[in-house]
Amino acid sequence: MKSRKFSLGVAALVLGLVPAAAQQAPKIWYSWSPKPVPMTPWRAPNKPIWRLNEIMAAHKGKADWVQPIVRDQDYAADYISLAAGEKTKAQFWADDRIFWYVASGQIRFHIEGQEPILASKGWLVQVPYRNIYWMETVGDEPSVRLEVIRSNRTPLYPVVTGEDTPPTAKGKVYVKASYRTAPDTYTDVNKPVLDFWGDFVKRPATPGDHPFVADTTNFANVIRGHGTPTPPDSNKGHFHIDFNEFWVIAEGTVDYKMESMPVYTANVGDVVYAPQGRWHRASWAGTGMSTRIAINPRPYGMHNFDPESGAKQ
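Residues numbered from 1 in each chain as written. Predicted model: local features only at pLDDT ≥ 70, side-chain atom pairs only at ≥ 80, totals over all residues. Heavy atoms only, no water.

## Regarding the nonpolar core
Step number 1: Counting 31 residues, the largest nonpolar core has Tyr 79, Tyr 101, Leu 146, Phe 246 and Ile 293 as the members making the most contacts within it.
Step number 2: Among all residues touching Leu 146, those that are not within four sequence positions of it are Ile 69, Ala 77, Asp 78, Tyr 79, Phe 99, Trp 100, Tyr 101, Val 248 and Val 271.
Step number 3: Counting residues in hydrophobic clusters, the runner-up holds 17 residues, among them Trp 100, Ile 117, Trp 123 and Met 135. (Core = buried A, V, L, I, M, F, W, Y, C linked by side-chain atoms within 4.5 Å. Buried < 20%, exposed > 50% of the residue type's maximum accessible area, 1.4 Å probe, protein only. Contact = heavy atoms within 4.5 Å.)

In structure tokens form, the structure reads like this:
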């Protein structure tokens, strides 16, 4: 499935890599593209679909929990529940941004240099590298969020005067250090927050691609469209070389077709995962509007289509 209609030219324009005058109708090339043999499997915790209702049922009765969702060479993503009134520690990341999809409840994000952000279901929030942040659950119910960060990263914690006890981390020791590289800043593309139901849907947002995160190693693309008939199985979609892709559903329902699997439907809050080299496609299901948020490490990554099926998904 086409994880995004975000062509190479459009992505490059968003990232400021090519001038607008260079944007033309896409040219089609043909290549011998490598596919893994056997197909890349789903390695736990990765699987074709994590259903949010099943995750919530598995943790019923608990206010604080973490459910690993994605672990691969690029990303670590978890669904995390934070009890009412609880707060996280102030922290930051050395060289990578972190971003969230809020699935339920209310979270107040406190981000260095920004007014506090009160986010609820459907909101997207991000923090660029070296910006200190913390969050708290507001209201009487736990908050649940999908948290996405680059793989194998360890957070840093600001030194607080009077607190001499360093944090701990498995296999590492925290030492006091200084640094002279400033925090990254927000941009017109990478804004602090997207109020999905307020700013995005009610305006109304046009169908198509709306990048929320776009830098050299991260891409979170909000893709919205009207329900369409599910394509036939002969439409294979596309596959990617050397990187995986996953999606969280923000609105409506989305039909997915993965190589070697029948079509299945994802609902709001569900997370779908496509291993590298495996044919996949997505289509907006139902009769209304549907939205999926595509997440991968390549803002203008290569899409390898099946020339026989003419797939454009």
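## Examining the pattern of salt bridges
Step number 1: Within the structure shown, the criterion is met by 12 salt bridges.
Step number 2: Here Arg 108 ties to Glu 136 by a salt bridge, and the two come within 3.7 Å at their closest N and O atoms. A residue pair is termed long-range when its members are at least 10 positions apart, and Arg 108 in strand 5 (residues 106-111) and Glu 136 in strand 8 (residues 133-138) qualify at 28 residues.
Step number 3: With relative accessibility at 14%, the residue Glu 136 sits in the buried group.
Step number 4: Within this structure, Arg 97, Asp 184 and Asp 215 form a network of salt bridges that share partners. (Salt bridge = Lys/Arg side-chain N within 4 Å of Asp/Glu carboxyl O. Helix = DSSP H or I, 4+ residues; strand = E, 2+ residues; numbered from the N terminus.)

## So, the sheet that holds strand 21 (residues 289-296)
Step number 1: Strand order in the open sheet formed by six strands is 1-19-16-21-14-13, and the pairing between neighbours is antiparallel. Each end of this open sheet is capped by a strand with a single partner; those strands are strand 1 (49-50) and strand 13 (208-214). (Pairing = 2+ DSSP bridges.)

## Describing the sheet that holds strand 5
Step number 1: Judged by pairing direction, the sheet is antiparallel, and its three strands sit side by side in the order 6-5-8 without closing on themselves. Strand pairing shows two members of the sheet lacking a second neighbour, strand 6 (117-119) and strand 8, which therefore form its edges. Pairs of neighbouring strands in the sheet enclose a mean axial angle of 25 degrees, with direction left out of account.
Step number 2: Where strand 5 lies against strand 6, three bridges are found, and the strand directions are antiparallel. (Axes fitted to C-alpha atoms, helices over the stretch in contact; angles between N-to-C directions.)

## Structural notes on the environment of Asp 199
Step number 1: Of note, Asp 199 is situated in helix 3 (residues 196-201).
Step number 2: For Asp 199, a relative accessible area of 35% translates into the label partly exposed.
Step number 3: Taking the C-alpha atoms as reference points, Asp 199 and Asn 244, 45 residues apart in sequence, are found 29 Å from one another.

## A short note on empty space enclosed by the protein
Step number 1: Summed over the entire model, instances satisfying the criterion amount to one cavity of 30 Å³ or more.
Step number 2: Empty space within the largest cavity amounts to approximately 70 Å³.
Step number 3: In terms of lining residues, the largest cavity is bounded by Phe 99, Trp 100, Tyr 101, Leu 124, Leu 146, Val 148, Phe 212, Ala 220, Val 248, Ile 293 and Ile 295.
Step number 4: Those elements that provide at least two residues to the lining of the largest cavity are strand 4 (98-104), strand 9 (143-150) and strand 21.
Step number 5: Taken together, the residues of the lining of the largest cavity sort by class into 11 nonpolar, no polar and no charged. (1 Å grid on protein atoms, 1.4 Å probe; cavity = no way out; pocket = protein on both sides within 12 Å on 5 of 7 lines; lining within 4 Å. Points joined across faces, edges and corners; volume = space filled by probe spheres on them. Nonpolar A, V, L, I, M, F, W, Y, C, P; charged D, E, K, R; others polar.)

## Regarding the side chain of Asp 270
Step number 1: Among the structural elements, Asp 270 can be located in the loop between strand 18 (264-266) and strand 19 (271-274).
Step number 2: Judged by its relative accessible area of 3%, Asp 270 is buried.
Step number 3: A distance of 2.8 Å separates a polar atom in the side chain of Asp 270 from the backbone nitrogen of Leu 52.
Step number 4: Setting aside chain neighbours within four positions, we find Asp 270 in contact with Ile 49, Trp 50, Arg 51, Leu 52, Trp 247, Val 248 and Ile 249. (Polar contact = N/O pair within 3.5 Å; in protein donor to acceptor, adjacent residues only side chain to side chain.)

## Let's talk about the packing of aromatic side chains
Step number 1: All chains considered together, the criterion is met by 10 aromatic pairs.
Step number 2: A ring pair is formed by Trp 100 and Tyr 133, whose centres lie 5.3 Å apart and whose planes are at 70 degrees; its orientation type is edge-to-face. In this pair, Trp 100 is assigned in strand 4 and Tyr 133 in strand 8, connecting sequence segments 33 residues apart.
Step number 3: Ring geometry for Trp 247 versus Tyr 256: centroids 5.2 Å apart, planes at 55 degrees, classification tilted. Across the pair, Tyr 256 and Trp 247 agree in class, each one buried. (Phe/Tyr/Trp six-rings, centres within 6.5 Å; stacked < 30°, edge-to-face > 60°.)

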